[in-house]
Amino acid sequence: MGEGAATPAWVMLAYLVSGMCFILALRGLSSPESSRRGNRFGMFGMALALVTTLVHYHPVGTQNLAGIAIDYTLFAEILVAIAIGATIGLVTARRIAMTAMPQLVAAFHSLVGMAAVLVGAAAFLNPDAFGIADAGGLIHLNSRIEMGLGVAIGAITFSGSVIAFLKLNGNMSGKPIILPLRHVINLGTLAGILGLIAYFTQDQSPWIFWTVAGLSFAIGFLLIIPIGGADMPVVVSMLNSYSGWAAAAMGFTLHNSAMIITGALVGSSGAILSYIMCRAMNRSFLSVISGGFGGDAVAAGAAAAIDRPWKRGSAEDAAFLMSQAEEVIIVPGYGMAVAQAQHALREMGDQLKKEGVTVKYAIHPVAGRMPGHMNVLLAEANVPYDEVFELEDINAEFSRADVAFVIGANDVTNPAAKTDKSSPIYGMPVLDVEKAKTVLFVKRSMGGVGYAGVDNELFYRDNTMMLLADAKKMVEEIVKALG
């Protein structure tokens, strides 16, 4: 049953309160200190919207003693479905490792996209039940547009998120997979989808609807496959935005204001975050979704690393240098996440502070595999919020720091982004770690390159000492040496 002119005032008020809670949730999530409160607002808003929808838009059946017509069988099925979904979500959230959070987010985005496709399909197959057709079964013009766009965006979100999940989870190479004539194929497919949606407004034949869905699933795969691992934070944010717009489109189809509000908030916030991510990488949004970042640089980067002099240090060397320093800036990256070294890193920071050393953490906007990845890991390890700084707030500090301790942050510390115009990361704002008096760089081996596929010039600087080992093991050894 759709939301119409006879919607009670209490329902509209409940949806309004839900929308306000979602806004407060986004506001809370903008800062680590208020993130838990923001999550609580979001949970309450979603629970309120869900209960309101179940109470008012209940499945119609036979009347009970109170005169309310409820189909108890269908209502029970809905509650069972909610319980199953809630259980899966709760168990997954409790068991998932923080290092796997990016792929979990991508997986959740895929579910939102598929939900939009299924809702659109249900509305198309049974428009009378959704109140979007006239007496002759002809779907209203505006509903066809909303349905077509919602299904298209949802399908793109689903298939694109599946590819993002596979890349982030290691089931698919993080390197760009460049298809021949990919731009021609992508543009042609997108034009076909838009053309069919336009034709759908004139003819609601099933083949049009299912062709739109099928082409949209295909273009989702095609758009994400050629995107390299270095662009994954932007991709995750972009897919988050897509999922919001898909939900909003379905909200219009169902005439449900709660879905419209929620979808618009998610879509707009995801779009803004994507813009911020792109600006942090000095890249345009169109250049990201066209793919191929760093794809040809792997071989060049690996070749450049051959026979270049570099210095190797030990945990004892690192402990001595940092204990004698006045200020140490720690730069975490994906290597820290993979090794799950955040707790050991916090312990190292605590040891240094006992020695009278000022400790700060520098976070690059695209460090890790999703926006805020490093912030989440440091928060899990109970690193004080006032010690964590973003790029624009900390970059000037490196020239005054005695030691920059880099743990697995490769691409976002590469000086080539500022000097080498031939580098695929040229122009990307990076952390100025090379300006510190000493740079300690934790890395498994000298043979690998960053997720962007380029070698890091920082490894070969005179003031850099390489600490080659598993990140967690190395930090634990440093903690022992400090003790």
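First, a word on what this report is: a plain description of the structure on this page. (Residues numbered from 1 in each chain as written. Predicted model: local features only at pLDDT ≥ 70, side-chain atom pairs only at ≥ 80, totals over all residues. Heavy atoms only, no water.)

Re the overall build of the chain
Move 1: When helices and strands are counted, the chain shows 19 helices and eight strands.
Move 2: Residues counted as buried form 48% of the 483 residues belonging to the chain.
Move 3: Pairs at least 24 apart in sequence give 76% of the contacts found in the chain among residues at least 6 apart.
Move 4: A total of about 22100 Å² of accessible surface is found on the chain, and carbon and sulfur atoms cover 64% of it. (Helix = DSSP H or I, 4+ residues; strand = E, 2+ residues; numbered from the N terminus. Buried < 20%, exposed > 50% of the residue type's maximum accessible area, 1.4 Å probe, protein only. Contact = heavy atoms within 4.5 Å. Areas by Shrake-Rupley, 256 points an atom, 1.4 Å probe, with all protein chains shown as cover.)

Examining a negative patch on the surface
Move 1: Together, E316, D317, E347, E476 and E477 line one region of the surface with negative charge.
Move 2: Counting only elements with at least two residues in the negative patch, the list comes to α13 (315-323) and α19 (471-482).
Move 3: Along the chain, the position of D317 falls in helix α13.
Move 4: The class for D317 is partly exposed, based on a relative accessible area of 34%. (Patch = residues over 30% accessible without salt bridge, like charges linked within 9 Å, V, L, I, M, F, W, Y side chains within 5 Å. Salt bridge = Lys/Arg side-chain N within 4 Å of Asp/Glu carboxyl O. Lys, Arg positive; Asp, Glu negative; His and termini not counted. Charge placed at Lys NZ, Arg CZ, Asp CG, Glu CD.)

Overview of the side chain of S161
Move 1: In this structure, S161 sits in helix α6 (residues 141-168).
Move 2: Taking relative accessible area as the criterion, S161 reaches 0% and is therefore assigned buried.
Move 3: Not counting the four nearest positions on each side in its chain, S161 is found in contact with A106, H109, S110, I156 and L239.

Digging into the environment of V475
Move 1: Relative to the helices and strands, V475 resides in helix α19.
Move 2: Each C-alpha atom of the pair V475 and A315 lies 7.6 Å from the other, and the pair is 160 residues apart in sequence.
Move 3: Sequence-distant contacts of V475, defined by excluding residues within four places in its chain, comprise A344, L345, M348, F405 and I407.

What to know about the pairing of strand β6 (residues 403-407)
Move 1: Of all five residues making up β6, five are buried, and the element is well covered by its neighbours.
Move 2: Of the two faces of β6, both are covered, the one formed by V403, F405 and I407 as well as the one formed by A404 and V406.
Move 3: In this structure, β6 lies alongside strand β7 (residues 438-443), joined through five bridges in parallel fashion. The residue of β7 that forms the bridge with V403 is T438. (Pairing = 2+ DSSP bridges.)

What to know about the packing of aromatic side chains
Move 1: Tallying each qualifying case throughout the model produces eight aromatic pairs.
Move 2: Between F124 and F209, the aromatic rings sit 4.5 Å apart at their centres with planes inclined by 0°, giving stacked as the arrangement. One end of the pair, F124, is in helix α4 (residues 101-125); the other, F209, is in helix α8 (residues 206-224), with 85 residues separating them in the sequence. Across this residue pair, the class does not change: F124 and F209 are buried.
Move 3: When the centroid spacing of 5.8 Å and the interplanar angle of 85° are considered together, the rings of F158 and F217 count as edge-to-face. Of this pair, F158 sits in helix α6 while F217 sits in helix α8, and the two are 59 residues apart along the sequence.
Move 4: Residue F158 is classed as partly exposed on the basis of its relative accessible area, which comes to 22%.
Move 5: Classification of F217 by relative accessible area gives partly exposed; the value is 22%.
Move 6: Members of the aromatic cluster, each reached through a chain of ring pairs, are F124, F200, F209 and W210. (Phe/Tyr/Trp six-rings, centres within 6.5 Å; stacked < 30°, edge-to-face > 60°.)

Brief notes about the sheet that holds strand β4 (residues 358-363)
Move 1: As summarised here, the arrangement of the six strands in space is β5-β4-β3-β6-β7-β8, forming an open sheet in which the pairing is parallel. Lying at the two open borders of the sheet, with one neighbouring strand each, are β5 (388-390) and β8 (464-468). Each adjacent strand pair in this sheet contributes to an overall mean axis angle of 25°, direction not counted.
Move 2: Pairing between β4 and β5: three bridges, direction parallel. Pairing of I363 across the sheet is with E390, part of β5.
Move 3: On the sheet, helix α15 (residues 342-354) packs against β3 (327-332), β4 and β6 and is oriented at approximately 145° with respect to β4.
Move 4: Contacting β3, β4 and β5, helix α16 (residues 373-380) crosses the sheet at an angle of about 145° to β4. (Axes fitted to C-alpha atoms, helices over the stretch in contact; angles between N-to-C directions.)

Brief notes about the pattern of salt bridges
Move 1: Under the definition given, this model contains 11 salt bridges.
Move 2: With a shortest N-O distance of 3.9 Å, K360 and E327 are connected by a salt bridge. One end of the pair, K360, is in strand β4; the other, E327, is in strand β3, with 33 residues separating them in the sequence. Grouping residues by exposure puts K360 and E327 together as buried.
Move 3: Residue D402 pairs with K437 through a salt bridge whose shortest N-O separation is 3.7 Å. Taken as a pair, D402 in the loop between α17 (391-394) and β6 and K437 in the loop between α18 (416-419) and β7 lie far apart in primary sequence, 35 residues in all.
Move 4: Classification of D402 as buried rests on a relative accessible area of 19%.
Move 5: Taken together, the shared-partner salt bridges in this structure form one network comprising E327, K360, E397 and R400.

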